[in-house]
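# Summary of structural features
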Amino acid sequence: MKILLVEDEPKVAAFLQKGLTEQTHNVDIASDGLLGLRLALANPYDLIILDQLLPGLSGLEVCREVRNHDTRVPILMLTALGETDDKIRGLDAGADDYLVKPFAFQELLARIRALVRRRQEAPAQLPVLRLADLALDPISKMVTRAGQPVQLTAREFALLHYLLRNQGRVVSRVDILEHVWETSFDTGSNVIDVYINFLRKKIDKDFTPKLIHTLVGMGYVLKEGD
């Protein structure tokens, strides 16, 4: 399996990487929350092992953001925070399991096997996202407006997917750059405006009501009405 380990304690990270590699797994390590989130969003992992106390972004923040993009990847929180409230916060943030340090490595392996087995047995279903007569299917990558298929590029699809998941909420250019492009652009660039216009031509130009709205100085919002 390809595993992402987000752990800021070098000795713990080295121990886990060695043990998991001996089990024939491929392990990427991130020593802070920001790097962990970037790797998680940029690569298809079979499992994420996540500490809760991390520099940059906390494990809870990383977990929530990963869950906004991927509902299926198993996430195991591995942390020294062992109070009941800590576990509840971790599970509510989107973690599938919670293991407290110190731990037995064999128990970690057993939990990993259970998480992966659960994922393999679960049906690969994601809800179709809808607004008015616009529909986007994350599995088939099909988009329709008023029942008519809309052909989008991969980047246009990712942008529309993000807007639909945040429908009714104003998203800034910086939000879009961070979540759709997953990299750093000059915030003065007009790349977002260009792609918004591409989308408008394909899903709004010939249809009513208009769904993509600009709020000057704030960003964009996908909604019905003005």
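We now turn to the structure provided with this report. Note on numbering: residues in each chain are counted from 1, in written sequence order. Restriction of local features to residues with pLDDT of at least 70 applies here, the model being predicted, together with a cutoff of 80 or more for giving and counting side-chain atom pairs; totals for whole chains, interfaces and linings are based on all residues. Values shown for side chains rest on all heavy atoms present in the structure; no hydrogens or waters enter the calculation.

### A look at the packing of aromatic side chains
Between rings of Phe, Tyr and Trp, where Trp is taken as its six-membered ring, a pair exists when centres lie within 6.5 Å; planes separated by under 30 degrees are stacked, by over 60 edge-to-face, and by other angles tilted. Summed over the entire model, instances satisfying the criterion amount to 2 aromatic pairs. On the basis of an interplanar angle of 70 degrees and a centroid distance of 5.7 Å, the ring pair of Phe 15 and Phe 105 is categorised as edge-to-face. Of this pair, Phe 15 sits in helix H1 (residues 10-22) while Phe 105 sits in helix H5 (residues 105-121), placing them 90 residues apart in sequence. Here Phe 105 falls in the buried class, since its relative accessible area comes to 17%. Aromatic side chains Tyr 195 and Phe 198 sit 5.3 Å apart centroid to centroid with 75 degrees between the ring planes, which places their arrangement in the edge-to-face category. With Tyr 195 and Phe 198 both in helix H8 (residues 191-204), this residue pair falls 3 residues apart, about one helical turn. With a relative accessible area of 22%, Tyr 195 lands in the partly exposed category. The ring of Tyr 45 has Lys 2 sitting right over it, with the charged end atom 5.3 Å from the ring centre. Numbering goes from the N terminus for both helices and strands, where a helix is a DSSP run of H or I of at least four residues and a strand is a run of E of at least two. Whether a residue is buried, partly exposed or exposed follows from its accessible area with a 1.4 Å probe, protein chains only, as a fraction of its type maximum: under 20%, in between, or over 50%, in that order. Two conditions define a charge sitting above a ring: the NZ of Lys or the CZ of Arg must be within 6 Å of the ring centre, and it must be within 35 degrees of the ring normal.

### A look at the environment of Leu 136
Tracing the backbone shows Leu 136 in strand E7 (residues 134-137). A C-alpha to C-alpha distance of 8.4 Å links Leu 136 and Leu 160, two positions 24 residues apart in sequence. Should any heavy atoms of two residues lie within 4.5 Å, those residues are considered in contact. Apart from residues no more than four positions distant in its own chain, Leu 136 is found in contact with Val 128, Leu 129, Met 142, Val 143, Phe 157, Leu 160, His 161 and Leu 164.

### Quick word on the nonpolar core
Buried Ala, Val, Leu, Ile, Met, Phe, Trp, Tyr and Cys residues form a nonpolar core when they are joined through side-chain atoms within 4.5 Å. Leu 160, Leu 164, Ile 176, Ile 192 and Leu 222 are the most contacted members of the largest nonpolar core, which totals 26 residues. Of all the elements in the fold, those that place two or more residues in this core are strand E6 (129-131), E7, helix H6 (154-165), helix H7 (173-181), H8 and strand E11 (219-222). Among the elements that take part in this core, H6 stands out by supplying 6 residues, more than any other. Sequence-distant contacts of Ile 176, defined by excluding residues within four places in its chain, comprise Leu 159, Tyr 162, Val 171, Trp 181, Ile 192 and Tyr 220.

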